[in-house]
Amino acid sequence: MSAEPNSYQNGPDEHGHFGIFGGRFVAETLMPLILEVEQAYEDAKADPGFQAELDDYLTHYVGRPSPLYFAERITEHFGGAKLYFKRDELNHTGAHKINNCMGQILLARRMGKKRIIAETGAGQHGVATATVCARFGLECVVYMGATDIERQAPNVFRMKLLGAEVIPVTSGTATLKDAMNDALRDWVSNVDDTYYLIGTVAGPHPYPAMVRDFQKVIGEETRVQMQAAEGRLPDSLIACIGGGSNAMGLFYPFLDDTDVRIIGVEAAGHGIETGAHAASLTGGRPGVLHGNRTFLLQDDDGQILDAHSISAGLDYPGIGPEHSWLHESGRVEYVSVTDQEALDAFQLCSRLEGIIPALEPSHALAHVGKIAADLPADHLMVMNLCGRGDKDVFTIADALGVEL
Amino acid sequence: MSRGATSGRIEARFEKLAGEGRAAFIPFIMAADPDLETSFEILQGLPGAGADLIELGVIFSDPMADGPAIQAAGLRAKAGGARLDRTLDMVRRFRVGDNDTPIILMGYYNPMYIYGVERFLADAAEAGVDGLIVVDLPPEEDVELCLPALAAGMHFIRLATPTTDDARLPAVIANTSGFVYYVAIAGITGTKSADAGEIQSAVERLKRHTDLPVAVGFGIKTPEQAEAIAAIADAAVVGSAIVQVVADNLDADGKATPELVGNVLGLSQSLANGVRAAARKAAE
């Protein structure tokens, strides 16, 4: 384990490395394209006009800032820590995904790209991508595993309403990782006019850093809002992790506030011991997939294993490389929560707060339930409520044995 | 940086072919497709069916540069028992009967990384592997496997593509060895084919930057196409069309039919004949 760095906010280095994680493991055909994205993003960052334009859309189109809400009844129910929800489920399209899509679509426009491709698992990133493509009149192609198309039919229909073409992916296991493979194959085959809008803090450099930068508005707002509400910083932060973009967005602005305890919650599926889970940090080891080195679920021959989670948005055998680094450095604690625990938390939140959460943040809430009671009443905890649960009602009904 | 002594087989083979005034034919097969034994029979038969060098595919669950034919080959091979250590065993067995035909492992980095880079390079050299083509290791990641491979005397054959511009080409060429593999299309394996004129100018561009032989692959499916490539490059690589013959010669249970090996080797021979026809025409 490396010594504690001077800052946890300096990564990645110029090669896209967070410690040993990250990098640019892509075919030569894509390498010039990735360098072009990196250059365009560096230019955009240095241009105050870019941030001003983004801020304007975030305010008037996305609906930011999202509220920081004191979840009073859940706080009472658990007893102990004072729990706040960062309400990113109130964003346009119902999740945090749009923060990143808005940033990247403005970048793609600067680059003069006419065709946008994306991968999606649960369909939230696909919907957000289709939304910004509709808004700016760009062609949109979304790759989605055939298995996911079946279990997320409402989001497939939404994407089509927004004018996107949804391409079913039947290769491999027909889920998110295969959708990402096919999106990369598309990009290799359409190098001239196409921009790949990656939905999480994974992929080759500069995507993990860029997506984090577009999501860090979540944590920046939280700092200001908590100061206003309580006159100080929170004591702990908690968020669910698939690829990990909502978590990086909340965590990043607090990484150097080492008094703030930070917890990431992976999906334990049927339980880590069963092998049917999506907890890359808890149950995986470092490897190379989708352009970066990170913790992966894999066998001893380096073949990537299928992930399992009741939540399609967490059903990915990898995790963003910055999380792998934060895990190894010990700055962030990573834990896991099972399907059943998430289902219970989902119902609790619906009944006590009148908020139907997505299954993804239900994982974070389940872990809050495990630790809140042991914390003092003046412990300020922020959970990222990163998506709303409308998309999950069919899955939940099925799990509860209800026929709709 | 220092380069270790290689097996010498790749250099010797291209030198011999240069003397004969013809290009090389390089077939690709997926190790263990559709099973270990059938795949070994194909491998063993390829030199007799016109293969000058052989690319042996290492399976990976997520082959992001491959089209449907090679993806399917990988899935069959996985079911057939493919593992990196068994692929090395296959090369070891091949070397008992053939110490001249170069074998290049082609695949993705993760299986080699998980095997352990140092151990992999040592075991591969000992088994009789001459070079590596690793799709997802661009020059930016040379420190991972390329530099250790060169130091260990293992050729590291780089891919150059239509998107590799003149500014980038020197970096791509710098640490390549054995030969340069020109990917003829911006795309995945086994899909579209490039125009011969475009390939010719691309090969000429590469030749201005390197003295190494230039092989061309991606999109070559027929003896005629192989002949056209052989007239303008130092080698023609065929993969998808060959593994498709494996796919076409399976029974209802996915097992190899008795005709499978013969049919694969038959296509290999006719592709090799295409390559040799180019040499004859050039000589006329």
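So, here is what we can say about the structure in this document. This is a predicted model, so every value here is computed, not measured. (Residues numbered from 1 in each chain as written. Chains lettered and ligands numbered in written order. Predicted model: local features only at pLDDT ≥ 70, side-chain atom pairs only at ≥ 80, totals over all residues. Heavy atoms only, no water.)

### Overview of the overall build of chain B
The helix and strand inventory of chain B stands at 12 helices and nine strands. A compact globule built from 284 residues would reach a C-alpha radius of gyration of about 19 Å, and chain B, at 17 Å, matches this within 12%. Across its three principal directions, the C-alpha atoms of chain B cover 50 × 45 × 35 Å. Looking at chain B residue by residue over its 284 residues, the buried ones come to 62%. Taking the intrachain contacts of chain B between residues at least 6 apart in sequence as the baseline, contacts between residues at least 24 apart amount to 74%. Considering chain B, the positive charge centre built from 24 side chains and the negative charge centre built from 38 side chains are found 1 Å apart. (Helix = DSSP H or I, 4+ residues; strand = E, 2+ residues; numbered from the N terminus. Rg over C-alpha atoms; globule rule 2.2 N^0.38 Å. Buried < 20%, exposed > 50% of the residue type's maximum accessible area, 1.4 Å probe, protein only. Contact = heavy atoms within 4.5 Å. Lys, Arg positive; Asp, Glu negative; His and termini not counted. Charge placed at Lys NZ, Arg CZ, Asp CG, Glu CD.)

### Some remarks on the interface of chain A and chain B
If you look at the interface, chain A gives 35 residues, while chain B gives 36 residues. Roughly 3,000 Å² is buried in total at the junction of chain A and chain B, and carbon and sulfur atoms are behind 51% of that figure. Counting the surface chain A buries against chain B, the share from its top three residues, Glu28(A), Arg185(A) and Asp301(A), is 23%. In this assembly, chain A and chain B are joined by five salt bridges. Taken together, the links from chain A to chain B amount to 21 residue pairs in polar contact (both at pLDDT 80 or more). Of all the secondary structure elements, the ones that give two or more residues to the side of chain A that touches chain B are strand 2 (21-25), helix 1 (31-45), helix 8 (176-189) and strand 11 (285-289) of chain A. The element best represented in the side of chain A that touches chain B is helix 8 of chain A, accounting for seven residues. Of the residues that constitute the side of chain A that touches chain B, the class distribution is 14 nonpolar, 11 polar and 10 charged. (Buried area = accessible area lost by both parts, 1.4 Å probe. Salt bridge = Lys/Arg side-chain N within 4 Å of Asp/Glu carboxyl O. Polar contact = N/O pair within 3.5 Å; in protein donor to acceptor, adjacent residues only side chain to side chain. Nonpolar A, V, L, I, M, F, W, Y, C, P; charged D, E, K, R; others polar.)

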